[in-house]
There are 2 protein chains.
Amino acid sequence: MSQELTLYSYWRSSSSWRVRLALHHKGVDFTTVPVHLVRDGGEQHKDAHVARNPLRQIPTLEVQGKEGKRAYISQSVAIMEWLEEAYPDAPSIFPSADPLQKALTRQLTEIINSGTQPLQNLNVIQYLRDDVGVDAKAFCRRYIQKGLEAYLATLPDVSGPFSMGEHVSMADFCLVPQLYNARRFKLDLEPFARLLAIESACQEVEAFKKAHPDAQPDFDANAPA
Amino acid sequence: MSQELTLYSYWRSSSSWRVRLALHHKGVDFTTVPVHLVRDGGEQHKDAHVARNPLRQIPTLEVQGKEGKRAYISQSVAIMEWLEEAYPDAPSIFPSADPLQKALTRQLTEIINSGTQPLQNLNVIQYLRDDVGVDAKAFCRRYIQKGLEAYLATLPDVSGPFSMGEHVSMADFCLVPQLYNARRFKLDLEPFARLLAIESACQEVEAFKKAHPDAQPDFDANAPA
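The structure presented is a predicted model; accordingly, all values stated were derived computationally and were not measured. (Residues numbered from 1 in each chain as written. Chains lettered and ligands numbered in written order. Predicted model: local features only at pLDDT ≥ 70, side-chain atom pairs only at ≥ 80, totals over all residues. Heavy atoms only, no water.)

(A) Layout of the sheet that holds strand E3 (residues 60-64) of chain A. Residues and elements named next belong to chain A. One open sheet holds the 4 strands; their spatial order is E2-E1-E3-E4, and the pairing between them is mixed. This sheet does not close on itself; its edge strands, each paired only once, are strand E2 (31-34) and strand E4 (70-74). Neighbour-to-neighbour, the strand axes of this sheet turn through a mean angle of 25 degrees, independent of strand direction. Against the sheet, helix H3 (residues 76-86) engages E3 and E4, with an angle of about 125 degrees to E4. (Pairing = 2+ DSSP bridges. Helix = DSSP H or I, 4+ residues; strand = E, 2+ residues; numbered from the N terminus. Axes fitted to C-alpha atoms, helices over the stretch in contact; angles between N-to-C directions. Contact = heavy atoms within 4.5 Å.)

This is how it looks when you write it as structure tokens:
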């Protein structure tokens with residue numbers, strides 16, 4: 001399957017980062033189009049992006065649909081699973097084809113994707129802070145900590161440097177951006193030595209270097225922490 | 001593949017409900033073991049359940065692992081995807097084998113699973129209400145409404161009574177429990193006529209009758225709304 005792929009992305013969005021990791025891991029060519037979530041009130045609200053994604057979200061992947069029509073996929077897990085199915089001969093995002101190993105990979109993935117990240121997204125932070133008047137950062141820290149504790153408790157008993165053992169997987173694609181966010185929220189990561197060791201092993205992998213926020217065309221070294 | 005499956009479940013948990021729907025849709029035999037989330041401070045905290053799931057969560061599916069050992073899968077999406085792979089000849093949880101149709105199904109699934117449900121779970125409600133002292137129900141209503149708006153805006157332009165057209169899918173397994181929760185939080189559902197029509201179509205399907213909270217062994221007609 002050879003087709004043009006365009007990723008609408010923001011350098012610091014953790015879910016965009018996951019999708020970049022899956023794309024680089026599979027070695028699939030793609031074009032990045034940055035969508036700046038903050039500048040000018042947020043480029044995701046401009047007509048051009050709303051036409052691609054009525055929810056005004058990134059990441060959104062533009063792919064080839066039926067009869068040459070363009071189609072758009074959003075939600076990072078849906079995009080990563082699509083890449084796996086559309087490029088079955090490229091390196092897998094799972095450690096093996098065994099259904100139980102895939103299930104345990106998806107379980108770790110969802111602990112971050114649905115169990116952690118939604119409780120620290122920009123909309124929730126802005127609402128809690130600006131409309132409800134509470135300490136949104138404390139709220140986020142609480143749920144990032146719970147999420148990382150859950151991830152740690154769920155890691156399978158395997159040998160190898162990555163979450164699922166010897167092979168990098170979709171679980172690592174979710175863990176590494178989540179650890180980056182944990183630091184932004186100033187969470188104490190000392191209790192998470194095993195997760196930090198996994199992160200270090202990932203940082204040696206080429207796909208992780210290419211997908212890092214600092215390596216993106218829209219990286220902003222002067223952005224507030 | 002023939003094996004004994006045990007679902008640890010709570011009648012009113014929306015993520016347990018999704019998994020019951022997938023099990024009944026695929027026609028897979030399973031045993032339900034209720035785990036009462038409220039009684040006695042929560043049965044999920046008892047040693048017997050913590051041994052199955054260190055995160056003290058339901059749903060958890062007990063399956064056969066390697067060499068006859070029992071294995072446990074949690075996270076509703078991971079369980080549903082496992083069922084699809086472990087029982088490939090049973091009715092599919094996707095509308096077709098086309099990767100793009102599967103991606104759009106997973107996109108709708110994640111709008112509920114990661115975009116909506118995490119912002120109304122029991123732990124978040126208790127924390128916002130008891131520790132932060134804010135109106136947790138208003139918070140939940142806000143994000144259920146946003147989630148249902150997103151689902152509606154993302155529905156593909158297809159004919160047929162269900163979310164993905166002519167075939168029931170994993171997306172419907174997430175939507176129907178979410179609408180039930182929306183009513184518990186007293187959200188005005190009038191703007192969501194198309195979603196209510198999908199729900200009505202689902203309610204005619206045998207799997208939806210069997211998986212309904214009212215049909216579970218631990219259903220409690222006297223539980224507070």
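(B) How the structure looks around the side chain of Asp172(B). Assignment of secondary structure puts Asp172(B) in helix H7 (residues 170-184). Here Ser163(B) takes part through its side chain, which lies 2.7 Å from a polar atom of the side chain of Asp172(B). (Polar contact = N/O pair within 3.5 Å; in protein donor to acceptor, adjacent residues only side chain to side chain.)

(C) Examining the sheet that holds strand E2 (residues 31-34) of chain B more closely. All names here are of chain B. If you trace the 4 strands from one edge of the open sheet to the other, you get E2-E1-E3-E4, paired in mixed fashion. Where the open sheet ends on each side, the last strands, each with one partner, are E2 and strand E4 (70-74). Across the sheet, the mean angle from the axis of one strand to that of its neighbour is 25 degrees, orientation sign disregarded. Pairing between strand E3 (residues 60-64) and E4: 5 bridges, direction antiparallel. Each bridged residue has a counterpart across the sheet, and for Gln64 the counterpart in E4 is Arg70.

(D) Region of interest: the pattern of salt bridges. This model, assessed by the stated rule, comprises 18 salt bridges over all chains. Residues Glu84(A) and Lys26(A) are paired through a salt bridge, measuring 2.8 Å at the closest nitrogen-oxygen approach. Of this pair, Glu84(A) sits in helix H3 while Lys26(A) sits in helix H1 (residues 14-26), placing them 58 residues apart in sequence. Like Lys26(A), Glu84(A) is buried. Among the ionic pairs, Arg106(B) bridges to Glu85(A), the shortest N-O distance being 3.4 Å. You can see Arg106(B) sitting in helix H4 (residues 99-113) and its partner Glu85(A) sitting in helix H3, one on each of two chains. According to the relative accessible area criterion, Arg106(B) is buried, its value standing at 4%. (Salt bridge = Lys/Arg side-chain N within 4 Å of Asp/Glu carboxyl O. Buried < 20%, exposed > 50% of the residue type's maximum accessible area, 1.4 Å probe, protein only.)

(E) Inspection of the relation of the copies chain B and chain A at higher detail. When chain B is fitted to chain A, the residual RMSD is 0.0 Å, and the transformation amounts to a turn of 180 degrees plus an axial shift of 0.0 Å. Such a turn and shift between the copies fits a two-fold axis. Across chain B, the rotation axis passes nearest the C-alpha of Ser114(B), at a separation of 2.0 Å. Comparing interface residues between copies, 100% of those in chain B also sit at the interface in chain A, which points to an isologous, same-surface contact. (Least-squares fit on C-alpha atoms with pLDDT ≥ 70 in both.)

(F) View of the nonpolar core. Residues Leu5(A), Trp82(A), Leu148(A), Leu5(B), Trp82(B) and Leu148(B) are the most contacted members of the largest nonpolar core, which totals 145 residues. Once residues within four sequence positions are removed from consideration, Leu148(A) is found in contact with Leu175(A), Gln178(A), Leu179(A), Ala182(A), Leu187(A), Leu189(A), Phe192(A) and Leu195(A). (Core = buried A, V, L, I, M, F, W, Y, C linked by side-chain atoms within 4.5 Å.)

(G) Expanded view of the interface of chain B and chain A. With 40 residues of chain B at the interface, the matching set in chain A holds 40 residues. The junction of chain B with chain A conceals about 3500 Å² of combined surface from both sides, 64% of it contributed by carbon and sulfur atoms. Linking chain B to chain A there are 6 salt bridges. At the junction of chain B with chain A, the criterion picks out 12 residue pairs in polar contact (both at pLDDT 80 or more). Listing elements by their share of the side of chain B that touches chain A, those giving two or more residues are E4, helix H3 (76-86), H4, helix H5 (122-132) and helix H6 (136-154) of chain B. Ranked by residues supplied to the side of chain B that touches chain A, first place goes to H4(B) with 10 residues. Residue composition of the side of chain B that touches chain A, grouped by class: 25 nonpolar, 8 polar and 7 charged. (Buried area = accessible area lost by both parts, 1.4 Å probe. Nonpolar A, V, L, I, M, F, W, Y, C, P; charged D, E, K, R; others polar.)

(H) Spotlight on the domain arrangement of chain A. Residues and elements named next belong to chain A. By the assigned domains, chain A splits into domain 1 (6-92) and domain 2 (99-209). For domain 1 versus domain 2, the separation of C-alpha centres amounts to 20 Å. Between domain 1 and domain 2, the contact holds 14 residues from the first and 17 residues from the second. Where domain 1 abuts domain 2, roughly 1500 Å² becomes buried across the two surfaces, and 66% of that area is made up of carbon and sulfur atoms. Looking only at domain 1, the three residues that lose the most surface to domain 2 are Trp17, Arg18 and Leu21, adding up to 38% of its buried area. Where domain 1 packs against domain 2, one counts 1 salt bridge. Put simply, Arg106 and Glu81 hold a salt bridge, and the shortest N to O gap is 2.7 Å. In this structure, the connection of domain 1 to domain 2 is made through 2 residue pairs in polar contact (both at pLDDT 80 or more). (Domains from an automatic or database assignment.)

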